[in-house]
Amino acid sequence: MSGKAVGGGVSGALVAGAIAGFSILALLARLRKERITKAGKKTHEIPSEVAELKDSLAITLNSSTYLDLLGKLIGEAEHVQNYPPELIPQEDKIIAHILQLLKPYEDSNGGPLKIEVVSYEPGRGNIIITYPGTDKEAPSIGLIGAHLDVVPADADSWERNPFELVVEGDNLYGRGTTDCLGHVALVTCFLQELARKKPKLKSSVVAVFIASEEANDKPDIGIDGLVKHGKLDMLKSGACLWIDASDSEPCLGTGGVISFHLKAYGKRFHSGFPHKTVNPIELASEAMKYVQDRFYQDFPGRPEEKEYNFETSSTMKPTQIKCASGGLNQIPSHATISGDIRLTPFYSFKEVVPKVRGYVNELNETMFSALPTRGPHSKYEVPELGLAGKVEIDIDDNDVCEGIACRVRSKSYQVLCHSITSVRGFVNPYSVTGALPLVRDIQDAGFDLQITGFGLSNSYHAENEYCKLSDMEKACKILSLFVSGMNEVLN
């Protein structure tokens, strides 16, 4: 990247760092698509009572309205880039366009929609839009998760202006088209058509667009704040569709993630005298292998992972290494191996983290007797010099994202699979050990949550991000059948 500043002084290098976090999800999704292509398109076994559900709403996407709204949202993308402290999004700029489109359908103007903007930080609103059902006691249907912020874009690295919607045939280019302003525009247009048609539904349909999804430096600004303050309690007895994934498939599960830093200490010394010191690089390397081996013994693959189509089980692996600076003829004083632990949702970090810390404690207590050395002069203790190595592991318990396993026995999952199959002709549910923030917290708070999305996985957080208009047109039909079907199933 060129390093040109974008949106208030963020360099291309910083943008690269900001978008890199999602690259694993994009890669896994591409690999999954390659596997599906080789295996062929599949259908999912759907109970007969669900397979018989019809779309009583018949809502289709007004493409011209969608493109007009999406163009306005992408035009604001520069102002909703989320990379604190350099870039603080102003989600209210997106909300203004949503309100403008839906104003004729608000209850204050004689329409059916109830609209509430909820802010926990100036300029950074969330918006809750309700199409009321005829039965106030009926469970509600939630269309949630589409967020109003985006990751940064370095304009010099794009072939097109990232902050302007560019339409090239079926492809719609611009920052946020896939993640997630394309979904915001989709659900807004769906609600507009719902309000225009005014079908009688027993269940209320509640759309929730959220702030602060791409970075959570301040908690309780977005959906976590809405849940904390009870703003979404009406959805707990019903069904929620989290619309922030990709490829028009159900995402059955995601992985949890937590970072670690394994630091080994020795003593800086001339490399010509390896027998007079502890080499922290060797100690860290052997300690890392020992900890990994113990991890895989205690947390092997689980049978549920096959049912959920996870391609990998839980993992612990190094991703970076660094040591004290010095010359090539110096053994450093310390070395650190950093990486992450990714868990399928069938394990919890509450059980894993204490175990991992225990492995490291055992190494120190036994003076590394379980570790092999590197050659005849490598050692982890030099008694005659009063020198002993030491290993520490730093894991931040407050910086954890737990994975989610959606409830595959739920009617909402079956209706989602039926809706996708009916529109696309097939469905391929998948899981990835990439992390999706917030969703596990919402499920734990009592919500029946299913996950899908209609952008392109190979475009997430990428340069030249785009989605396809035809995918969004199909997505509107999928939402129409899902809402129609859940209205029948819940009542």
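Basis of the calculations
Residues numbered from 1 in each chain as written. Predicted model: local features only at pLDDT ≥ 70, side-chain atom pairs only at ≥ 80, totals over all residues. Heavy atoms only, no water. Helix = DSSP H or I, 4+ residues; strand = E, 2+ residues; numbered from the N terminus. Rg over C-alpha atoms; globule rule 2.2 N^0.38 Å. Buried < 20%, exposed > 50% of the residue type's maximum accessible area, 1.4 Å probe, protein only. Contact = heavy atoms within 4.5 Å. Areas by Shrake-Rupley, 256 points an atom, 1.4 Å probe, with all protein chains shown as cover. Lys, Arg positive; Asp, Glu negative; His and termini not counted. Charge placed at Lys NZ, Arg CZ, Asp CG, Glu CD. pLDDT = per-residue confidence, 0-100. Pairing = 2+ DSSP bridges. Salt bridge = Lys/Arg side-chain N within 4 Å of Asp/Glu carboxyl O. Axes fitted to C-alpha atoms, helices over the stretch in contact; angles between N-to-C directions. Expected span 1.5 Å × (residues − 1). Arc of directions from axis to C-beta.

Q: In this structure, what is going on with the overall build of the protein chain? I would like to understand it.
A: Scanning the protein chain from terminus to terminus reveals 13 helices and 20 strands. Relative to the compact-globule value of 23 Å for 491 residues, the protein chain shows a C-alpha radius of gyration of 26 Å, a close match. By principal-axis analysis of the C-alpha atoms, the protein chain measures approximately 90 × 50 × 45 Å. Relative to its full complement of 491 residues, the protein chain shows a buried share of 55%. Partitioning the contacts of the protein chain with sequence separation of at least 6, the portion at a separation of at least 24 is 82%. Counting every atom, the protein chain has about 20300 Å² of accessible surface; 50% of that belongs to carbon and sulfur. Across the protein chain, the centroid of the 51 positively charged side chains sits 2 Å from that of the 63 negatively charged ones.

Q: Just to check I follow, could you spell out the confidence of the model for the protein chain for this structure?
A: In this model, the protein chain carries a mean pLDDT of 92, and residues with pLDDT of at least 70 account for 91%. A low-confidence stretch, residues 19-25 stays under pLDDT 50, and its non-local contacts, those more than four residues away or across chains, total 11 contacts. Taken as a whole, residues 34-39 scores under 50 in pLDDT and shows four contacts with residues more than four places along the chain or in a different chain.

Q: What should I look at first to understand the pairing of strand 13 (residues 334-343) in this one?
A: Consecutive side chains of a regular strand alternate in pointing toward one face of the sheet and then the other. Most of strand 13 is tucked away, with nine of its 10 residues classed as buried. Both strand 9 (residues 256-265) and strand 13 contribute to a ladder of 10 bridges, which runs antiparallel. Each bridged residue has a counterpart across the sheet, and for V257 the counterpart in strand 13 is R342. When strand 11 (residues 315-323) meets strand 13, the two strands line up antiparallel, connected through eight bridges. Across the sheet, Q320 pairs through a bridge with S338, a residue of strand 13.

Q: Please clarify how the pattern of salt bridges should be interpreted in this entry.
A: Two side chains of opposite charge can pair, provided their charged atoms sit close to one another. This structure, assessed with the given rule, holds 23 salt bridges. The partner of R409 in a salt bridge is E307, with the nearest N and O atoms 2.8 Å apart. Within this pair, whereas R409 is found in the loop between strand 17 (404-405) and helix 11 (411-424), its partner E307 is found in helix 9 (residues 304-307), the two being separated by 102 residues in sequence. Relative accessible area serves as the criterion here: at 39%, E307 is assigned to the partly exposed category. Residues joined by salt bridges that share partners form a network here, namely E159, R160 and E168.

Q: Explanation requested: the sheet that holds strand 11 in the structure shown.
A: In a beta sheet, neighbouring strands pair by backbone hydrogen bonds and run either parallel or antiparallel. Taken together, four strands build an open sheet; the order of strands is 11-13-9-16 and the sheet is antiparallel. In this open sheet, the two edge strands, each paired with only one partner strand, are strand 11 and strand 16 (390-394). Adjacent strand axes in the sheet meet at a mean angle of 20° when their direction is disregarded. Against the sheet, helix 8 (residues 280-298) touches strand 9, strand 11, strand 13 and strand 16, its axis set at about 170° to strand 11.

Q: Where do I start with helix 4 (residues 63-75) in this structure?
A: For an α-helix, the turn length of 3.6 residues means that residues three or four places apart are oriented alike. For helix 4, spanning 13 residues, the distance from its first C-alpha to its last is 18 Å, which sits close to the expected 18 Å at 1.5 Å a residue. Along helix 4, the positions that sit buried rather than exposed are S63, T65, Y66, L69, L70, L73 and I74. What you see down the axis of helix 4 is that its buried residues fit within an arc of 155°, all on one side. Buried residues along helix 4 sit against helix 5 (92-102), strand 5 (171-173), helix 6 (181-197), strand 20 (466-468) and helix 13 (469-490).

Q: Can you walk me through the pairing of strand 2 (residues 125-131) in this structure?
A: Taking burial as the measure, the seven residues of strand 2 include seven buried ones, the bulk of the element. Going residue by residue along strand 2, you find G125, I127, I129 and Y131 tucked away on one face and N126, I128 and T130 tucked away on the opposite face as well. Summarising the sheet, strand 1 (residues 114-119) and strand 2 pair through six bridges and their orientation is antiparallel. Opposite V118, over in strand 2, you have N126 as the bridge partner. Between strand 1 and strand 2, which follow one another and run antiparallel, lie five residues, and G123 among them has a positive phi close to 80°. Note: strand 2 against strand 6 (residues 205-210), five bridges, orientation antiparallel. The residue bridging T130 from the neighbouring strand is V206, located in strand 6.

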